[in-house]
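Observations on the model geometry
What follows is the residue order along each chain.
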Amino acid sequence: MADIFSSIISVGFHGLALAMVLYLISVGLSVTMGLMGFINLAHGAFAMLGGYLMTWLMSRYDVPFGLALAGAVIGVVLISIILERLLYRRFYGGDELDQVLMTMGLIFITIASVTYIWGPVTQPMRPPAALSGQIDLGFRSFPTYRTFLIVCGAILVTLLWLALERTRFGAQVRAAVDNLRMAQTIGINTSRLFAATFALGSGLAALGGGLGAEILPITTFYALENLVYFLIVVAVGGLGSIRGPFVAALLVGISDTAFKYIAPEFGAFFIYALTMVLLLWFPRGLFGRT
Amino acid sequence: MSHLTPSADRRAADIAAFSRRHRFHWFEALPWLIAVAAYFAFPNYLALGSQILAIILFALSVDLVLGYAGIVTLGHAAFFGVGAYTAGILAANGWGEPISGLLAAAIAAACIGLASGWIILRTTGLTLLMQTLVVAAMLYELANKAYRFTGGADGLQGMSVWPIFGMFRFDMFGNTAYFYCLIVLFIGWLVVRNTVNSSFGRSLTGIRENVGRMHAIGAPVAQRRLIVYALSAALAGVAGALTAQTAQFVGLNVLNLERSGTILVMLIIGGIGQLYGAFIGVPLYMIAQDRFAEADPTYWYFWIGLAMVFIVVFLRGGIFGVVERLLARSRKR
């Protein structure tokens, strides 16, 4: 009995950590899809770049963890703004297929570029001394870094929710998701709003990629291998919402950890099956708008 | 009465245009002439040639659902893989007769197409895209798990394919395989060509362009989408079986996301919804891949990625579309 209880806690804990990473990376994707109607398959590439920049700054220049993470986020935000203005903007509200093709192309370019710059090996992720080892929470001990990850994730989720619900910028985003034309009519500069949202989403992805480098290892095919997970979180959560992807990330993170604990030889099979059923039940996602 | 005349004229013109589409043009012989010429010109590249022919068939099957029915799929490797494994497992377990292997592959893939299509085709847009992706991903995990039948990550080994009609042995130079693939592709192409030029094919285009109106005129939209999905799955299955039989090996990569993605790329390079895009895009992509990817896969990814972005930004409609536009412009002058 105690064994089962202990396994449940363990699965819940690791599932929660995975969920936080998935959420940070996917929430930007959900908002850009809901807001601009853009299927950005390359979103994971921003997370991957974040991870690469962070591990590179840490291992090559001995930059402390926090600074390296901030540097990675800033770097990715700059890159994403340039890409948004040059490429993405042309395809808003356009053909789905064009979007899929262009962003797949961007994934390939990113894969080649990171292999060229950083080589084909997995980037080592060494958490700072203060965050490594185990932490004792009274009833049992947990890996410190993952505990930190969950706390960080919870804080960021709260901040993001406050930003979207309580600020002027958030109100503009919500207005534009609900009714783009009306938002333009009342004088919201949607072009600038798109750029800002895109940059914010990419920055969060970079943050997720960097923070989660220990759970989703930084390898050259990161953007392609994890793409299905990010898309599942977005599609199951529902487009254009920030609450939906959170619930979906929790669902995916915890059930994926549980399935892989119970029946590891089936890999991700059950999570795909679950996705299929959920999407049939809620074609617009759990919190999608009609 | 006068107001009726133009519409009668218009009707006659429409019918004429419709039957013109179905008549064979001289340029339609070109791919086949080139394929036969390539056999004599590049005897050392017949293995690559057979692969290209099989993948052209796969691209045709994708064109049918994507270009004509407008179903954006990121999971067509599911059917390619089911076909490859069906033919492969048959040949590895004592039934190496190739033609019946192809048929079995077609039936198996069509069944999976029908079953999955019946479930997922009721969704649209991103949800549908996700469903196609998830179906392929599930089959991938299953194939990985069922290593007793599929060989799992090591791949399916020990296939022995019998001679075609008991007469034409698959030789090590790939002569038989090349013509085998060419003939199967030709039959597949006839099937696709007849389908898209039939009234059934026209109604698919109608569904792609305006679902609401097709519903309004009483077309059985869901049924037609399901039929074309299953037909396309069968063709993709045959393409997978061809690859398995000619390579005598099936790896897990027949089912992965990369295969579903790259087939879209090849098709889009050539041009979507034009029947001939596959014949341009697939050889271009695969020959370039053969030349460059072996030497340095990293650069290959870079250039193919760049080409994809370039095509979407500058070459709308693929190479075939650009050629058609240039022709139309020169005709106007």
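These numbers come from a predicted model, not from an experiment.

**What to know about the overall build of chain A**
From N to C terminus, chain A includes 12 helices and 2 strands. Going from N to C terminus, chain A has its helices and strands arranged as α-α-α-α-β-β-α-α-α-α-α-α-α-α. Taking 290 residues into account, the globule formula puts the C-alpha radius of gyration at 19 Å, and chain A, at 19 Å, falls close to it. Out of the 290 residues in chain A, the part that is buried amounts to 49%. Partitioning the contacts of chain A with sequence separation of at least 6, the portion at a separation of at least 24 is 75%.

**Things to note about the overall build of chain B**
A count of helical and extended segments in chain B gives 15 helices and 0 strands. A globule of 333 residues ought to have a C-alpha radius of gyration of about 20 Å, and chain B, at 21 Å, matches this closely. Taking the principal axes of the C-alpha coordinates as reference, chain B spans close to 75 × 45 × 45 Å.

**A look at the interface of chain A and chain B**
Every contact between the two is made by 35 residues of chain A and, on the other side, 31 residues of chain B. Contributing elements (two or more residues each) for the side of chain A that touches chain B: helix 4 (96-118), helix 10 (227-237) and helix 12 (269-281) of chain A. When residues in the side of chain A that touches chain B are grouped by element, the largest group, 15 residues, is from helix 4 of chain A.

**Digging into the confidence of the model for chain B**
All names here are of chain B. Summarising the model, chain B shows a mean pLDDT of 87, and 96% of its residues fall at 70 or more. Mean pLDDT across the elements of chain B ranges from a minimum in helix 1 (residues 5-22), with 70, to a maximum in helix 5 (residues 98-120), with 95. Interface predicted TM-score (ipTM) for the complex: 0.83; the corresponding pTM is 0.87.

**Describing the nonpolar core**
In terms of nonpolar packing, the biggest core is built from 200 residues, with I56(B), L57(B), A59(B), A109(B) and V238(B) touching the most fellow members. Sort the elements by how many residues they give to this core and helix 1 (residues 2-36) of chain A lands first, with 16 residues. Leave out the neighbours within four places in its chain, and L57(B) touches V184(B), L185(B), G188(B), L235(B), V238(B), A239(B) and L242(B).

**Topic: helix 11 (residues 243-262) of chain A**
Residues and elements named next belong to chain A. If you check helix 11, its first and last C-alpha atoms are 29 Å apart, about what 20 residues at 1.5 Å a residue would give, namely 28 Å. For helix 11, the complete set of buried residues consists of G244, P245, F246, A248, A249, L251, V252, G253, D256 and T257. Where helix 11 is buried, its residues touch helix 1, helix 5 (144-166), helix 10 and helix 12.

**Remarks on helix 8 (residues 190-211) of chain A**
With 22 residues, helix 8 of chain A extends 31 Å from end C-alpha to end C-alpha; this agrees with the ideal 32 Å at 1.5 Å per step. Counted residue by residue, helix 8 of chain A has 16 buried out of 22 residues, so it is predominantly covered.

**Topic: the confidence of the model for chain A**
Overall, the predicted model of chain A reaches an average pLDDT of 88, with 99% of residues at or above 70. Looking over chain A, one finds the lowest element-wise mean pLDDT in strand 1 (residues 134-136) of chain A, namely 79, and the highest in helix 3 (residues 65-86) of chain A, namely 93.

**Side note on the packing of helix 12 (residues 257-270) of chain B against helix 13 (residues 277-292) of chain B**
Residues and elements named next belong to chain B. Where helix 12 meets helix 13, the closest approach of the two axes is 7 Å, and the angle between their N-to-C directions is 120°. Our classification of the angle between helix 12 and helix 13 gives oblique. For the crossing formed where helix 12 meets helix 13, the hand is right-handed. Each of V265, M266, L267, I268, I269 and G270 in helix 12 lies in contact with helix 13, whose residues at this interface are G277, A278, F279, I280, G281, V282, L284 and Y285. Considering only residue class, the contact of helix 12 with helix 13 consists of 11 nonpolar, 3 polar and no charged.

**Some remarks on the packing of helix 12 of chain A against helix 6 (residues 125-145) of chain B**
Their axes nearest at 9 Å, the elements helix 12 of chain A and helix 6 of chain B cross at an angle of 150°. Classified by the angle between their axes, helix 12 of chain A and helix 6 of chain B sit roughly antiparallel to one another. Crossing angle aside, the handedness with which helix 12 of chain A passes helix 6 of chain B is left-handed. Touching F269(A), Y272(A), A273(A), T275(A), M276(A) and L279(A) of helix 12 of chain A are T127(B), M130(B), Q131(B), V134(B), A137(B), M138(B), E141(B) and L142(B), all from helix 6 of chain B.

Calculation criteria
Residues numbered from 1 in each chain as written. Chains lettered and ligands numbered in written order. Predicted model: local features only at pLDDT ≥ 70, side-chain atom pairs only at ≥ 80, totals over all residues. Helix = DSSP H or I, 4+ residues; strand = E, 2+ residues; numbered from the N terminus. Rg over C-alpha atoms; globule rule 2.2 N^0.38 Å. Buried ≥ 20, exposed ≤ 12 C-beta atoms within 10 Å, placed from the backbone. Contact = placed C-beta atoms within 7 Å. pLDDT = per-residue confidence, 0-100. Core = buried A, V, L, I, M, F, W, Y, C linked by C-beta atoms within 7 Å. Expected span 1.5 Å × (residues − 1). Axes fitted to C-alpha atoms, helices over the stretch in contact; angles between N-to-C directions. Parallel < 35°, antiparallel > 145°, perpendicular 65-115°, else oblique. Left-handed = near helix turned anticlockwise from the far one by under 90°. Nonpolar A, V, L, I, M, F, W, Y, C, P; charged D, E, K, R; others polar.

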